[in-house]
Amino acid sequence: MIVATNVNKYFYVPEELHALKDASLTVASGEVVVIIGPSGSGKSTFLRCLNRLEYAEKGEITIDGMSVLDPKADINKIRAETGMVFQSFNLFPHKTVLENITMAQISVRKRSKKEAVDKAMMLLEKVGIAEKHHVSPSKLSGGQQQRVAIARSLAMDPKVLLFDEPTSALDPEMVGEVLDVMKNLAKEGMTMVVVTHEMGFAREVADRVIFMDDGAIIEEGTPEHFFTNPENERTQTFLNQIL
Amino acid sequence: MSLYPGLDAPRSKNYKQFWAAVFCLSIIGIIATTFFATKSIDYVWRWNTVVKYFAYQDNMETVAEIEGIVASITPNGLTSNVHVQGVGEAEDYQVPTKGLVVGVNDYVYMEDVLGSEKKWKVGLMVLGLILTLKVSAISVVLALIIGILTGLARISDNPALRWTAITYIELVRGSPLLVQLMLWYFVIGTLFNNLLAAWGLSSIPTIWYGVVSLALFTGAYTAEIVRAGIQSVHTGQMEAARSLGMSYSEAMGKVIMPQAISRILPALAGQFISLIKDSSLLGVISIRELTKITREVVTASLQPFEMWIVCALLYLILTFGLSLIVQKLERSAI
């Protein structure tokens with residue numbers, strides 16, 4: 001589903017930084033890949049490169065066979081197939097919850113208003129906040145907002161969902177409700193790439209865990225291998241620090 | 001009430017009443033000072049002369065154009081048909097029945113008044129006010145469109161667009177409106193009208209040169225306000241919209257712009273209030289808006305202070321009206 005080969009990314013502001021060093025990753029359809037690593041390790045950058053929110057200067061990325069880095073690629077089409085859930089939710093504050101979910105369905109997927117509303121209500125039901133469909137996002141708790149954001153991504157029927165630290169901005173008691181939604185999605189066979197610090201989630205749900213440090217992928221393996229006997233020294237240090 | 005409640009200790013019980021009283025007293029003081037100032041200058045105030053520049057009664061007279069005898073008067077609703085029989089000629093006149101001053105068999109000479117009627121007419125000040133309102137309304141709409149487009153060009157990746165926007169903004173914002181008006185009308189306007197005349201077309205009415213220069217002038221300021229508004233919306237909003245597959249323009253129009261506009265409404269209101277007052281310069285290209293009319297009226301009435309104060313009050317009505325509309329928009333945008 002996703003094939004990323006030797007992705008390199010540089011930032012020049014404020015000073016030159018080699019943010020991604022030959023990162024390669026293959027995600028099969030239906031697979032859940034969790035990326036962990038210390039802050040500044042490039043995991044969010046890598047995720048953002050996958051749907052070109054950041055443009056990787058070198059390397060190759062394809063999603064469902066479509067080349068992401070090809071300047072001629074229809075990036076809007078690729079992004080519509082690649083849902084993204086942000087750390088800070090990024091719901092549209094001037095729209096209601098329902099409009100947040102129907103907007104792109106109508107303008108990008110060209111669905112009728114009724115189709116879009118039906119789909120949105122179905123998804124809100126699924127994430128457990130159907131009764132809040134008419135309120136403004138600012139009236140919702142963080143956990144509820146993040147669930148709306150997931151529903152908004154799902155409404156596009158994406159082939160892949162990317163999660164950029166979806167629970168990092170949440171109060172501890174709300175983390176569970178968002179992770180539950182993500183677990184259900186994983187069970188239903190959604191292809192997911194998740195950047196997170198939730199080791200419990202990684203252990204329980206991930207098919208594969210990837211450890212990144214200093215812009216490079218250091219270690220890759222099943223959660224079992226990862227959390228019981230990591231090979232790399234840096235992985236061991238990181239896991240010791242947070243577990 | 002306060003924007004930052006709870007940051008300071010609660011106010012004492014009479015805090016509000018005391019400062020409300022202070023406010024009222026200062027207002028009364030200002031009014032009293034102004035009143036005594038008007039008394040102390042050597043000037044005779046005649047406020048009643050103002051009235052006729054808002055509405056006046058015009059005496060419409062119907063006069064005979066031939067010499068002869070009034071042969072018959074046939075009432076026909078509000079008007080009467082007066083038949084004047086002269087030597088070898090006859091005329092019929094429609095005269096208001098109430099204002100008839102001739103009777104049957106009266107002999108009338110040429111230019112004699114057959115009847116008169118008083119009609120209410122709209123005064124010059126009102127005509128000026130309407131023109132100012134019209135010019136301002138069109139200019140506000142145009143300025144908003146120009147401002148949004150230039151604001152978007154200003155943040156564009158395309159150097160041609162961005163530099164054009166910067167050049168336009170700096171040039172127009174940095175030079176006096178009066179000079180721009182004259183250039184638009186006397187230089188560009190002349191060229192345009194000559195070209196149109198060469199193609200056998202009629203020239204563009206002066207008012208449009210005024211509208212365009214006002215709109216372009218305000219548009220330059222509006223562009224910078226719009227740019228600041230767009231930049232104040234978090235980049236995450238654009239990323240979220242684009243990651244759903246929306247195009248740049250779609251995301252800009254549906255996600256960024258609505259949020260930006262509702263944030264910049266107070267600044268836009270100020271800009272457009274300025275526009276209304278700037279329209280007072282249009283008199284220099286002989287557009288008879290409120291200020292130009294006031295000048296004329298002052299010359300005719302010889303009561304400058306009354307006329308200028310009334311002129312200011314009329315501008316205040318327009319600007320305050322705009323301010324109220326924007327405040328309402330602001331409330332509904334939240």
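The structure under discussion appears in the preceding block.
In this text the structure is predicted, and so the values were computed from the model without any measurement.

What counts and how
Residues numbered from 1 in each chain as written. Chains lettered and ligands numbered in written order. Predicted model: local features only at pLDDT ≥ 70, side-chain atom pairs only at ≥ 80, totals over all residues. Heavy atoms only, no water. 1 Å grid on protein atoms, 1.4 Å probe; cavity = no way out; pocket = protein on both sides within 12 Å on 5 of 7 lines; lining within 4 Å. Points joined across faces, edges and corners; volume = space filled by probe spheres on them. Nonpolar A, V, L, I, M, F, W, Y, C, P; charged D, E, K, R; others polar. Contact = heavy atoms within 4.5 Å. Buried area = accessible area lost by both parts, 1.4 Å probe. Salt bridge = Lys/Arg side-chain N within 4 Å of Asp/Glu carboxyl O. Polar contact = N/O pair within 3.5 Å; in protein donor to acceptor, adjacent residues only side chain to side chain. Helix = DSSP H or I, 4+ residues; strand = E, 2+ residues; numbered from the N terminus. Pairing = 2+ DSSP bridges. Buried < 20%, exposed > 50% of the residue type's maximum accessible area, 1.4 Å probe, protein only. Axes fitted to C-alpha atoms, helices over the stretch in contact; angles between N-to-C directions. Expected span 1.5 Å × (residues − 1). Arc of directions from axis to C-beta.

Draft legend 1. The arrangement of empty space enclosed by the protein in detail. The full count for this structure, using the stated rule, is 1 cavity of 30 Å³ or more. Empty space within the largest cavity amounts to approximately 30 Å³. Around the largest cavity, the lining residues are Ala80, Thr82, Gly83, Met84, Ser153, Met156 and Pro158 of chain A together with Ser243 and Leu244 of chain B. Its residues placed into classes, the lining of the largest cavity shows 5 nonpolar, 4 polar and no charged.

Draft legend 2. The arrangement of the interface of chain B and chain A in detail. Across the contact, 16 residues belong to chain B and 23 residues belong to chain A. For chain B, the biggest contributors to the area lost against chain A are Glu239, Ser243 and Leu244 of chain B; these three give 37% of the whole. Our count for the contact surface shared by chain B and chain A stands at 1 salt bridge. One salt bridge in this structure joins Glu239 of chain B and Arg48 of chain A, with 2.6 Å as the shortest N-O distance. Counting across the chain B and chain A interface gives 7 residue pairs in polar contact (both at pLDDT 80 or more). Every element with two or more residues in the side of chain B that touches chain A is listed here: helix H7 (235-243) and helix H8 (248-278) of chain B.

Draft legend 3. Quick peek at unusual backbone geometry. Residue and element names in this part refer to chain A. The omega torsion across Val13 and Pro14 is 0°, close enough to zero to call that bond cis. Looking at the element boundaries, Pro14 is found in the loop between strand S1 (2-11) and strand S2 (17-27). For Asp64, which is not a glycine, the phi torsion comes out positive at approximately 55°. Mapped onto the elements of the fold, Asp64 is located in the loop between strand S4 (58-63) and strand S5 (66-67).

Draft legend 4. Representation of the sheet that holds strand S4 (residues 90-96) of chain B within the structure. Residues and elements named next belong to chain B. The antiparallel open sheet is built from 4 strands, whose spatial order is S4-S3-S2-S5. Either end of the sheet is taken by a strand with one partner, and the two such strands are S4 and strand S5 (107-108). By the bridge criterion, 7 bridges tie strand S3 (residues 79-85) to S4 in an arrangement that is antiparallel. Residue pairing across strands places Thr79 opposite Pro96, the latter belonging to S4.

Draft legend 5. Inspection of the pattern of salt bridges at higher detail. The final tally for this structure, using the stated rule, is 24 salt bridges over all chains. Taking the shortest distance from any N to any O, the salt bridge between Lys183 of chain A and Glu204 of chain A comes out at 3.4 Å. One end of the pair, Lys183 of chain A, is in helix H6 (residues 172-187); the other, Glu204 of chain A, is in helix H7 (residues 199-205), and 21 residues separate them in sequence. Since its relative accessible area comes to 22%, Lys183 of chain A is described here as partly exposed. Residue Glu204 of chain A is classed as exposed on the basis of its relative accessible area, which comes to 56%. Measuring nitrogen to oxygen at the nearest pair gives 2.6 Å for the salt bridge that ties Glu296 of chain B to Arg288 of chain B.

Draft legend 6. Region of the structure containing the sheet that holds strand S10 (residues 216-221) of chain A. Residue and element names in this part refer to chain A. Pairing within the open sheet is mixed, and its 6 strands lie in the order S6-S7-S8-S3-S9-S10. Edge strands, defined here as strands with exactly one partner in the open sheet, are strand S6 (82-85) and S10. Averaged over all pairs of adjacent strands, the angle between their axes in this sheet comes to 20°, without regard to strand direction. Sheet topology places strand S9 (residues 208-213) next to S10; 5 bridges connect them, and they run antiparallel. Considered in S10, the bridge of Met212 is made with Ile217. Across the sheet, helix H1 (residues 43-50) lies against strand S3 (32-36), S6, strand S7 (160-164), strand S8 (191-195), S9 and S10, angled at about 150° from S7, the strand it touches most. Each of S3, S7 and S8 touches H6; the most contacted strand, S8, lies at about 145° to it.

Draft legend 7. Up close: H6 of chain A. All names here are of chain A. For H6, with 16 residues, the first-to-last C-alpha span of 24 Å sits near the 22 Å given by 1.5 Å per residue. When we look at burial in H6, the residues that qualify are Met174, Val175, Val178, Leu179, Val181, Met182, Leu185 and Ala186. The buried side chains of H6 occupy one side of the element, clustering within an arc of 155° when seen end-on. Of the residues in H6, the exposed ones pointing more than 90 degrees away from the buried face are Glu173 and Lys187. The inward-facing, buried residues of H6 abut S3, helix H4 (113-127), helix H5 (142-154), S7, S8 and H7. Backbone geometry just downstream of H6 places Gly189 in the positive-phi region, at approximately 95°.

Draft legend 8. Fine view of the layout of surface pockets. Residue and element names in this part refer to chain B. For the largest pocket, the calculated volume is near 450 Å³. Lining the largest pocket are 15 residues, with Thr235, Met238, Glu239, Arg242 and Tyr248 sitting closest to its centre. If you list the elements that add at least two residues to the lining of the largest pocket, you get helix H6 (206-232), H7 and H8. For the lining of the largest pocket, the element with the most residues is H7, which contributes 4 residues. Within the lining of the largest pocket, the residues separate by chemical class into 8 nonpolar, 3 polar and 4 charged.

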